Amino acid sequence: MRPHHLLLAVFVAALWGVNFVVIDVGLDHFPPLFFGALRFLAAAVPALFFIGRPPVKWRWIIGVGLTLGVGKFGLLFVGMHSGMPAGLSSLVIQVQAVFTALFAILALGERVRGARAVGMAVAVAGIVVAAVDEGMSGPFLGFVLVVVAAAFWGVSNILTRKAAAPDAFRFIVWVSAVPVLPLLLLSLVLEGPGADAEALGSLDMSGVGALLFVAWISTLLGFGIWGHLLRTYDASAVAPYALLVPVFGMSSAALLLGEGVSPLRWCAAVLLVGGIALASLSGTRRRAVSAAAGPAAGPEVRAAEPSPVSR
């Protein structure tokens, strides 16, 4: 990659890492499900009225919108609201790469073997270490909710791959419109209209800033830059920079929120990020060999390439 493009990739990873800190700030102002509804509303409007619908079937737009917006983000926000630290959340959510590969095996008939399988096992070991650490020092329910959120992210990755939208930015804007009403209805039922009204009535610049950051800066700006990089380079050259997200997430949470990072948590970070890196890079090498050998080389599980809106 050219130096300025490399800097852009690192910049986007930093945005997405810091985004977990901003989410934590936003959850101080809004109930979690209501915050999710407002985030996707702000991301979709007014952009929705200026771009046409992507040329994919409605089932893919709705499916990705529900699994990503309601399943992944709804549970992530509730988990963080339940006490899951922002830095640890930025790390644990990356287990989506393992879920994506597992679901690809089940739904797409893809295979995983060799170094890829070892990398996935190492990443799972990292999650186990993080679970032990969180079980001893924090609310375990929040940890479980973030892991389940990562599983929903994995499902949305498979649906996104099946949709094969030619214009990813247009696709993600329309996807962002889908979870607004479900999240709002869930908020009204589970969090209560009074809590939502109180949040709006006491809204200040900090709350507005957090909402606009997660909707416009993290989602629209971050996705725009990431999409430009994916159009300029192979995905295998761009996707590994997403592994920097938990590095920036944990660092910014420690600096801005004062979150401590225990030795077990550092161990979990090394195992999880290292395992995903091993799985991703080994998948990249095999795809290069398969491309050189031709179609007879057979299918392989591709390196997980996270959807940028998922930050």
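Residues numbered from 1 in each chain as written. Predicted model: local features only at pLDDT ≥ 70, side-chain atom pairs only at ≥ 80, totals over all residues. Heavy atoms only, no water.

### Considerations on the overall build of the protein
Convention followed: Counting from the N terminus, the helices are the DSSP runs of H or I reaching at least four residues and the strands are the DSSP runs of E reaching at least two. Accessibility here uses a 1.4 Å probe with only protein chains present; expressed as a share of the type maximum, an area under 20% marks a residue as buried, one over 50% as exposed, and anything in between as partly exposed. Residue contacts are counted whenever heavy atoms from the two residues lie within 4.5 Å of one another. Only the protein chains shown count as cover for residues, with accessible areas throughout obtained via the Shrake-Rupley method and a probe of 1.4 Å.
Helices and strands together make up the secondary structure of the protein, namely 14 helices and zero strands. Counting helices and strands in the order they occur from the N terminus, the protein gives α-α-α-α-α-α-α-α-α-α-α-α-α-α. Counting only residues that meet the buried cut, the protein has 52% of its 311 residues in that class. By sequence separation, contacts in the protein at least 24 residues apart represent 89% of the contacts at least 6 residues apart. Carbon and sulfur atoms make up 73% of the accessible area of the protein, which amounts to about 12900 Å² in all.

### A word on a nonpolar patch on the surface
We count it as follows: Nonpolar side chains (Val, Leu, Ile, Met, Phe, Trp, Tyr) within 5 Å and like charges within 9 Å form the patches, drawn only from residues with over 30% relative accessible area and no salt bridge. Here, a salt bridge means any Lys or Arg side-chain nitrogen found within 4 Å of an Asp or Glu carboxyl oxygen.
Among the surface-exposed residues, Leu185, Leu186, Leu188, Val189 and Leu190 lie close enough to one another that they form a single nonpolar patch of about 490 Å² accessible area. One can find leucine 186 in helix α9 (residues 180-191). According to the relative accessible area criterion, leucine 186 is partly exposed, its value standing at 35%.

### Details of the packing of helix α1 (residues 3-26) against helix α3 (residues 58-81)
The angle between the axes and the distance between the axes are what describe a pair of packed helices. Where we set the bar: Fitted lines through C-alpha atoms give the axes, limited to the stretch in contact for helices. The angle between two N-to-C directions lies from 0 to 180 degrees. Note on angle classes: values under 35 degrees are labelled roughly parallel, values over 145 roughly antiparallel, values of 65 to 115 roughly perpendicular, and the remainder oblique. Each helix crossing is assigned a hand: it is left-handed if the near helix lies turned anticlockwise from the far helix by less than a right angle, otherwise right-handed if that turn is clockwise.
α3 packs onto α1 with a crossing angle of 70° between their chain directions and a minimal axis gap of 10 Å. Considering their axes alone, α1 and α3 lie roughly perpendicular with respect to each other. Between α1 and α3 lies a crossing of right-handed hand. Residue-level contacts link Phe20, Ile23 and Asp24 of α1 to Leu76, Phe77 and Met80 of α3.

### Structural notes on the confidence of the model for the protein
Let me state the cut-off plainly: The predictor reports its confidence for every residue as pLDDT, a score running from 0 up to 100.
The predicted model of the protein has a mean per-residue pLDDT of 84, with 87% of residues at 70 or higher. Per-element mean pLDDT across the protein ranges from 68 in helix α14 (residues 263-293) up to 98 in α9. Ignoring residues within four places in sequence, the model shows residues 287-304, a span with pLDDT below 50, making 27 contacts including any to other chains.

### Considering the pattern of salt bridges
One pass over the full model with this rule turns up one salt bridge. With a closest N to O distance of 3.5 Å, aspartate 167 and arginine 170 form a salt bridge. The partly exposed category is assigned to aspartate 167, whose relative accessible area is 28%.

### Here's the deal with helix α11 (residues 205-232)
The criterion, for reference: To get the bend at any residue, fit one axis to the seven residues that end at it and another to the seven that begin at it, then take the angle between the two axes. Residues adjacent in sequence count toward polar contacts only when both atoms are side-chain atoms; beyond that, a polar contact is any pair of N or O atoms within 3.5 Å, and within protein one must be able to donate a hydrogen and the other to accept it.
A maximum bend of about 40° is found in α11 at phenylalanine 213. Among the residues of α11, the N-terminal cap falls to aspartate 204, whose side-chain oxygen and the backbone nitrogen of serine 206 are separated by 3.2 Å.

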